[in-house]
Amino acid sequence: MIRSCEQGILAWVYVGTLLIFIHFYSVTVRGAVPKLEAALDSGATVLNHSMGLVQRMETLLAMGNGSDVTLRVHTINTDEVKVIQAHSLVLTLQSDVFEELLLSRNNSTVVLRETLDCATVFDKFVRYLYCGDISVRLDQAVSLHKLASKYHVWGLQQGLTQYMTQHLSSDSPAGHVVGWYSYALQIGDTTLRDSCLQYLSWNLSSVLQSGEWGSISEELLLSLLRRSDLILQSELELYEALEFWISQNQPVSTTVESALRAVRYGMISPQHLFRLQKQSPLMLKYYESIRDLLFLAFQFHSASPIQLAKYFDVNCSIFTPRNYLSSSWGSPWVINNPTRDDRSFSFQTQLGPSGHDYNKKITWNALFSPRWLPLSVRTSYTELGAMQPTRTEGGRPRMIITPATSSPDFAGVSFQKTVIVMARQQGKVVVRHVYNFHQSTEEVGDFLVDADLQRRSSEYLIDSSLYLHIVIKPLYHSLLVARK
């Protein structure tokens, strides 16, 4: 008994000493070479061996030397039990939940019950408590996040949330963003939830083609359908994807009707609407539920927006475009070496989504300046009278998009410009940022403010080029004044 007590005391002293050293020294050591630290006591030299201490902590866990507590991890609904020899001092320093469990125990064993996914990674979780680092795969992130939340290991929880928000575009066999969104919604993690929802909205075309689309929940489906910032090829693409989702999931009629009524039929051409009425099994079955919307869409396509506004409220979602990538709505623009000089670009779009305006085109001029300064901060002349250049190294990127000519057809229509910035993340090209304005990016104030285009490895550049897609969205809200 005395020998057992002595071993326990020695274990506490040994572990405690290691933890004290780790607490007071950085764990970012590269070998045992003395490291000169600026701004320390009168130029003192710090010998940083803390990585060796971390390695000894890992060995301590692996060997179980001096262990004073046994963790028995039972997998729920199975007979599987995982046994881990641990040290109560380490557990209590890292988790107040473990501290309470250890205070209330009757012997040296603590019994824990975990789901299969959490039990599988429990060794990793405990190792993090000893060493402060962890390797994570996409399929392990949620399980580790659950354990970090359950045992109040807040540093690990925050790190895993950050990991997930930074790996939304990573490839996985079955997809993971939808699952992460559902998990974030379940635990109330608004940061992760909003990041997942934004990723799905901004990269919807690729999501619609993936295996994840059929697995999204009814709640997520309706949330996406209500958004105006979706980025996809066309509204027709969204309708066809909705038809597939409904055939796969067979939801109740009320869900189908709500989803169908969220489609913006005014953004689908009359030719395609006629085809859907005759050939879409979904529309044939639920025609009565959306007949009023289809009737309104056909009216929208048959009259000018000004005429329509005399009798109908055009300030509603059915007449509001999303961010469509098809050529009638805008154009891609690749700017090579974007910091070199100003660039200009011209493209055409149709006047509006109404069938009445189908043959009317607008030519747009786009100007990109990498280092533009507002007039208010420019100095036009030096003291000697020489004119200063209007672009300086102190400027910031700016884009201006204006129509090449004016037209009476513009009456009652305002145009929102959307600039979509692409980037490569985890080897995949995805949407990095979206900016909305009416004429110039000065309206948003943060256009490419963090891009650092001078750096070739900037997250905003793909092979040293800036990949943009410009979308022109006609908005009819100003026509409300014409109603009678």
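The sections below set out a description of the structure shown in this document. (Residues numbered from 1 in each chain as written. Predicted model: local features only at pLDDT ≥ 70, side-chain atom pairs only at ≥ 80, totals over all residues. Heavy atoms only, no water.)

### Overview of the overall build of the protein chain
Part 1: Tallying secondary structure elements over the protein chain gives 18 helices and 14 strands in all.
Part 2: Counting the 484 residues in the protein chain, one finds 45% classified as buried.
Part 3: Just so you have it, the protein chain exposes about 25,100 Å², and 53% of that area is on carbon and sulfur atoms. (Helix = DSSP H or I, 4+ residues; strand = E, 2+ residues; numbered from the N terminus. Buried < 20%, exposed > 50% of the residue type's maximum accessible area, 1.4 Å probe, protein only. Areas by Shrake-Rupley, 256 points an atom, 1.4 Å probe, with all protein chains shown as cover.)

### A closer look at the packing of aromatic side chains
What describes a pair of aromatic rings is the distance from one ring centre to the other and the angle between the planes of the rings.
Part 1: A complete count under the given rule lists 11 aromatic pairs for this structure.
Part 2: Where Phe300 meets Phe319, the ring centres are 4.7 Å apart and the plane angle is 40°; that geometry is what we call tilted. Here the residue Phe300 occupies a position in helix α17 (residues 287-302), and Phe319 occupies one in the loop between α18 (305-309) and β7 (323-324), the gap between them amounting to 19 residues. We note that Phe300, like Phe319, is buried.
Part 3: Look at Phe345 and Phe347: their rings are 5.7 Å apart centre to centre, the planes differ by 20°, and that puts the pair in the stacked class.
Part 4: Members of the aromatic cluster, joined through ring pairs, are Phe98, Phe122, Phe125 and Tyr151. (Phe/Tyr/Trp six-rings, centres within 6.5 Å; stacked < 30°, edge-to-face > 60°.)

### As for the environment of Lys82
Part 1: As for its placement among the helices and strands, Lys82 is situated in strand β4 (residues 81-86).
Part 2: Separated by 10 residues in the primary sequence, Lys82 and Arg72 place their C-alpha atoms 5.7 Å from one another.
Part 3: When near neighbours in sequence (up to four residues on either side) are disregarded, Lys82 contacts Leu71, Arg72, Val73, Ala119, Thr120 and Asp123.
Part 4: Here Asp123 takes part through its side chain, which lies 2.7 Å from a polar atom of the side chain of Lys82. (Contact = heavy atoms within 4.5 Å. Polar contact = N/O pair within 3.5 Å; in protein donor to acceptor, adjacent residues only side chain to side chain.)

### Overview of the sheet that holds strand β3 (residues 69-75)
Neighbouring strands of a sheet are bound in pairs by backbone hydrogen bonds; such pairs are parallel or else antiparallel.
Part 1: One open sheet holds the 3 strands; their spatial order is β4-β3-β5, and the pairing between them is mixed. Of all the strands in the sheet, just β4 and β5 (109-114) have a single pairing partner and so form its edges. Taking the axes of each pair of neighbouring strands and ignoring which way they run, one obtains an average angle of 20° across the sheet.
Part 2: As paired elements, β3 and β4 share 6 bridges and run antiparallel to each other. (Pairing = 2+ DSSP bridges. Axes fitted to C-alpha atoms, helices over the stretch in contact; angles between N-to-C directions.)

### Re the sheet that holds strand β13 (residues 428-437)
Part 1: One open sheet holds the 4 strands; their spatial order is β8-β14-β12-β13, and the pairing between them is antiparallel. Edge strands, defined here as strands with exactly one partner in the open sheet, are β8 (330-336) and β13. Direction aside, the axes of adjacent strands within the sheet are offset by 25° on average.

### Observations concerning helix α13 (residues 235-249)
Residues spaced three or four apart along an α-helix face the same direction, because each turn holds 3.6 residues.
Part 1: Over its 15 residues, α13 runs 21 Å from end to end, which matches the ideal 21 Å to within 8%, given 1.5 Å per residue.
Part 2: By the burial criterion, the buried members of α13 are Glu235, Leu236, Glu237, Leu238, Tyr239, Ala241, Leu242, Trp245 and Ile246.
Part 3: The positive-phi residue at the C-terminal boundary of α13 is Gln250, with phi of around 50°. (Expected span 1.5 Å × (residues − 1).)

### Looking at the nonpolar core
Part 1: Trp213, Tyr265 and Leu448 are the most contacted members of the largest nonpolar core, which totals 100 residues.
Part 2: Counting contributing residues, this core receives three or more from each of domain 1 (54-167) and domain 2 (323-372 + 395-476).
Part 3: Setting aside residues no more than four positions away along its own chain, Leu448 makes contact with Phe368, Pro397, Val421, Tyr435, Leu453, Tyr460 and Leu466.
Part 4: Membership of the second largest hydrophobic core comes to 33 residues, among which are Leu102, Phe122, Tyr130 and Leu144. (Core = buried A, V, L, I, M, F, W, Y, C linked by side-chain atoms within 4.5 Å. Domains from an automatic or database assignment.)

### Details of the side chain of Ser143
Part 1: Inspection of the secondary structure puts Ser143 in helix α7 (residues 141-150).
Part 2: Those residues in contact with Ser143 that lie beyond four places of it in its chain are Asp117, Cys118 and Val121.

### Here we look at the pattern of salt bridges
Part 1: Tallied over the entire structure, the rule returns 20 salt bridges.
Part 2: Two residues, Arg322 and Glu235, come together in a salt bridge whose shortest N-O distance is 2.9 Å. One end of the pair, Arg322, is in the loop between α18 and β7; the other, Glu235, is in helix α13, and 87 residues separate them in sequence.
Part 3: Residues Asp292 and Arg261 are paired through a salt bridge, measuring 3.0 Å at the closest nitrogen-oxygen approach. With Asp292 in helix α17 and Arg261 in helix α14 (residues 253-261), the pair connects residues that are 31 residues apart, well separated along the chain.
Part 4: Note on Asp292: relative accessible area 43%, which makes it partly exposed.
Part 5: Here the salt bridges do not stand alone but share partners, grouping Glu58, Arg127 and Asp133 into one network. (Salt bridge = Lys/Arg side-chain N within 4 Å of Asp/Glu carboxyl O.)

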